[in-house]
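Descriptive structure summary
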Amino acid sequence: MQIAFAADRPADATVLALAVRNDAALTGLVDGADALLAGAAAGQRFAGEAGSVLDVFVPQGDKVQRVLLLGVGAGDDAAFERAGGALAARLLTSGVTAAVADLSGVEPLATARFAAGVAQRAWRFDEYRTKLPEKQKPTLARVTIVGDDAEWAGRDAVSQGLALARLLATLPPNILYPESFVDRVLQAVDGLGLEVTVLGEQELTELGAGALLGVSQGSRREARVLALKWNGAGADAPLTALVGKGVTFDTGGISIKPAAGMEDMKWDMGGAAAVAGAMLSLATRKAKANVIGVMGLVENMPDGNAQRPGDVVTSMSGQTIEVINTDAEGRLVLCDCITWVQNTHKPVRIVDLATLTGAMIVALGNEYGGLFSNDDALAEQLLAAGRETGDKLWRFPLADGYDKLIDSPIADMKNVGPRGAGSITAAQFLQRFVDDGVAWAHLDIAGMVWADKDGATWGKGATGYGVRVLDRFVADVCEG
Ligand code: BES
Ligand code: MN
Ligand code: ZN
């Protein structure tokens, strides 16, 4: 999908889209079509609600022009993103190849959010569909936006980051495993000026990453840690670390998961995918901030060399962990990544993202990601970035009482608590690896990475959740 900008409405647009507020009169939009549009709106109960579409054909001499009125409700930026998504959803496989959206007079940021909505909703992955019926193939190749492109470069960067995150979450686990995750990401960010570190198994062993390597030891695939550093501010500027869980497939290990739905665990690397996407976005739009993205990449498999329930592993921090349940592997991967980035790069704040617990889905479903933090200001900043972008977050508590629940009789801690508060005890586990003075937030995005139905700016499948909120957070808090 190509997005182009133009200064004036081309006279010959055969498909024309216009944004309409919920209080707008539908007059003077298309020459000679006032009565037709009013009648069609009344007949279809179109009232300009955000995300709604009125789709009509207007006679013009011996031709017809297709006119789509896109509701933008009260006209906030987010509504324009939804409207762009609605346009793409309507036209993507409609047979239409090109459309013009006239957003003359709309603010530059709202215009860019509209374009982002188009790009995001048009993303899809058809590589393995060799027999897609002609009528299901995408046709829409170009949307020309009449309006101000001043904010588009930044939003385009985010859309590209989102596309990378979605691709990674979508790729099947025989294709995407730790090494190939690294290859794909390095290819995507090639030439953007990111500083790259790849830790292989030998280095991870030397570093004492016993928690992460314990998860990986039952897999034929080798573990990796990928770090991408963006130096967009001066060397003295504070560093923000983004850490992502990248379990490229989670069988549960010896504590194996039930067969039904196990295929979902290909997207158990959604946190790492969001970090990769955010780093691509930050580097593409040359963000004025220093940010390092760390991705812990392993496959959790059961085999003769797999770790057992009851094993005690020593993490990179030196703290020991009794592995009660090999399916609580995400925290074991993240804890060594957190230690590594603190030891080597001294970030002032850390935001980790992980599809960490099924309990998070029980609590929040697919509407909000869970937020846990040791720092109220950081929590507020992330909540605000979530509200602005639509990657919504909801805060949960941390407390000593929960922390005690993961004490172990044989080691410093165990990797699971009792049945209750499973998402909170997972967060408490991670907090034990955060150094004093470091502001930290953990986003449990288990319910957000994959959608089983279409959304405003995504088709069903990978959502790319996390990229937009991270990009916004960096823009609001870490830049300037
Ligand atoms: N990756 C899963 C969590 C998950 C489940 C994400 C479903 C998305 C959808 C995680 O590794 C896991 O298995 N967690 C366990 C923890 C438990 C053993 C304490 C869980 O939630 O059941
Ligand atoms: Mn698991
Ligand atoms: Zn997992």
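The structure we're discussing is the one just above.
This report concerns the structure included in the present document. (Residues numbered from 1 in each chain as written. Chains lettered and ligands numbered in written order. Predicted model: local features only at pLDDT ≥ 70, side-chain atom pairs only at ≥ 80, totals over all residues. Heavy atoms only, no water.)

Regarding the sheet that holds strand β11 (residues 312–314)
With mixed pairing, the 3 strands of this open sheet are ordered in space as β11-β12-β16. Because the sheet does not close on itself, it has two edges, and the strands there are β11 and β16 (413–414). In terms of strand pairing, β11 meets strand β12 (residues 320–322) through 3 bridges, oriented antiparallel. Across the sheet, T314 pairs through a bridge with T320, a residue of β12. (Pairing = 2+ DSSP bridges. Helix = DSSP H or I, 4+ residues; strand = E, 2+ residues; numbered from the N terminus.)

Examining the coordination of the manganese ion (ligand 2)
Coordination of the manganese ion (ligand 2) by the protein comes from D250 (OD), D327 (O), D327 (OD) and E329 (OE), over a distance range of 2.0 to 2.2 Å. Geometry at the manganese ion (ligand 2) is irregular, judged from its 6 donor atoms and the angles of 71 to 167 degrees they form at the metal. The motif formed by the donor residues of the manganese ion (ligand 2), counted along the single chain, is D-x76-D-x1-E. A gap of 3.2 Å separates the manganese ion (ligand 2) and the zinc ion (ligand 3), which D250 links by coordinating each metal. Of this pair, D250 sits in strand β9 (residues 239–250) while D327 sits in the loop between β12 and α9 (330–345), and the two are 77 residues apart along the sequence. (Donors = N, O, S within 2.8 Å, 3.2 Å for Na, K, Ca; no water. Tetrahedral: all angles 85-135°; square planar, octahedral: opposite > 155°, others 65-115°.)

Some details on the coordination of the zinc ion (ligand 3)
Around the zinc ion (ligand 3), the protein contributes the donor atoms K245 (NZ), D250 (OD), D268 (OD) and E329 (OE), at 2.0 to 2.4 Å from the metal centre. Of note is the zinc ion (ligand 3), whose 6 donor atoms meet at the metal with angles of 78 to 174 degrees in an arrangement that counts as octahedral. Each donor residue of the zinc ion (ligand 3) lies on the same chain, and together they follow the pattern K-x4-D-x17-D-x60-E. D250 gets classed as buried once you look at its relative accessible area, which sits at 2%. (Buried < 20%, exposed > 50% of the residue type's maximum accessible area, 1.4 Å probe, protein only.)

Quick look at a negative patch on the surface
A contiguous patch of negative charge on the surface is contributed by E107, D148, D149 and E151. Its location among the elements puts D148 in the loop between β6 (142–146) and α4 (152–170). Of the residues examined, D148 reaches a relative accessible area of 36% and is grouped as partly exposed. (Patch = residues over 30% accessible without salt bridge, like charges linked within 9 Å, V, L, I, M, F, W, Y side chains within 5 Å. Areas by Shrake-Rupley, 256 points an atom, 1.4 Å probe, with all protein chains shown as cover. Salt bridge = Lys/Arg side-chain N within 4 Å of Asp/Glu carboxyl O. Lys, Arg positive; Asp, Glu negative; His and termini not counted. Charge placed at Lys NZ, Arg CZ, Asp CG, Glu CD.)

Quick notes on the site of ligand 1
Taken together, the neighbourhood of ligand 1 is formed by 17 residues, with K257, D268, D327, E329 and G358 sitting nearest. Between ligand 1 and K245, the relevant distance is 3.2 Å, taken from an oxygen atom to a side-chain nitrogen or oxygen of the residue. Separating an oxygen atom of ligand 1 from a side-chain N or O atom of K257 is a distance of 2.8 Å. Here ligand 1 loses 78% of its free accessible area of 520 Å² to cover by the protein chains. At the level of elements, β9 and α10 (358–364) are the ones that each hand at least two residues to the shell around ligand 1. Tallied by class, residues from the shell around ligand 1 come to 6 nonpolar, 4 polar and 7 charged. (Near = heavy atom within 4 Å. Polar contact = N/O pair within 3.5 Å; in protein donor to acceptor, adjacent residues only side chain to side chain. Nonpolar A, V, L, I, M, F, W, Y, C, P; charged D, E, K, R; others polar.)

What to know about the sheet that holds strand β8 (residues 224–231)
Within the open sheet, the 8 strands sit side by side as β7-β8-β10-β9-β13-β17-β14-β15. Their pairing is mixed. The strands lining the two open edges of the sheet, one partner per strand, are β7 (195–199) and β15 (393–395). Neighbour-to-neighbour, the strand axes of this sheet turn through a mean angle of 20 degrees, independent of strand direction. Here β9 runs beside strand β13 (residues 349–354); their pairing, made up of 5 bridges, is parallel. In the sheet register, G244 faces β13, and the bridge partner there is L353. Here helix α8 (residues 270–284) sits on the sheet and contacts β8, β9, β10 (290–300) and β13; the angle it forms with β9, its principal contact strand, is near 140 degrees. (Axes fitted to C-alpha atoms, helices over the stretch in contact; angles between N-to-C directions. Contact = heavy atoms within 4.5 Å.)

Describing the pairing of strand β4 (residues 63–71)
On any regular strand, side chains alternate: one points to one face of the sheet, the next to the other face. β4 sits mainly inside the fold: 7 of its 9 residues count as buried. Where strand β2 (residues 15–20) lies against β4, 6 bridges are found, and the strand directions are parallel. In the strand pairing of β4, V20 is matched with G71. Summarising the sheet, strand β3 (residues 53–60) and β4 pair through 8 bridges and their orientation is antiparallel. Note that in β4 the partner of V56 across the bridge is V67. What sits between the antiparallel neighbours β3 and β4 is a turn of 2 residues, in which G61 has the positive phi angle 65 degrees.

A word on helix α2 (residues 77–91)
Taking 1.5 Å per residue as the helical rise, α2 with its 15 residues ought to reach 21 Å, and the 22 Å between its terminal C-alpha atoms agrees with that figure. Listed in full, the buried residues belonging to α2 are A79, F80, E81, A83, G84, G85, A86, L87, A88 and L91. (Expected span 1.5 Å × (residues − 1).)

Here's the deal with the packing of aromatic side chains
On inspection of all chains with the given rule, the structure shows 6 aromatic pairs. With 5.5 Å between their ring centres and 25 degrees between their planes, F372 and F396 make a pair best called stacked. Residue F372 is located in strand β14 (residues 369–373), and its partner F396 is located in the loop between β15 and α12 (400–404); the two are separated by 24 residues in the primary sequence. Taking 5.3 Å as the distance between ring centres and 40 degrees as the angle between the ring planes, the aromatic pair formed by F429 and F433 counts as tilted. One exposure class covers both F429 and F433, and it is buried. Over the ring of Y177 we find R221, and its NZ or CZ is 3.6 Å from the ring centre. In this structure, K392 is placed above the aromatic ring of Y368, and the distance from its NZ or CZ to the ring centre is 5.0 Å. (Phe/Tyr/Trp six-rings, centres within 6.5 Å; stacked < 30°, edge-to-face > 60°. Lys NZ or Arg CZ within 6 Å of the ring centre and 35° of its normal.)

As for the environment of T170
Inspection of the secondary structure assignment puts T170 in helix α4. T170 sits in the buried class, given a relative accessible area of 14%. A sequence separation of 280 residues divides T170 from W450, and the C-alpha atoms of the two residues are 9.0 Å apart. For T170, the residues in contact, after removing those within four places along its chain, are W123, F125, K266, W450 and A462.

A closer look at the environment of L162
You can see L162 is positioned in helix α4. For L162, a relative accessible area of 3% translates into the label buried. Sequence-wise, L162 and Q120 are 42 residues apart; in three dimensions their C-alpha atoms are separated by 7.6 Å.

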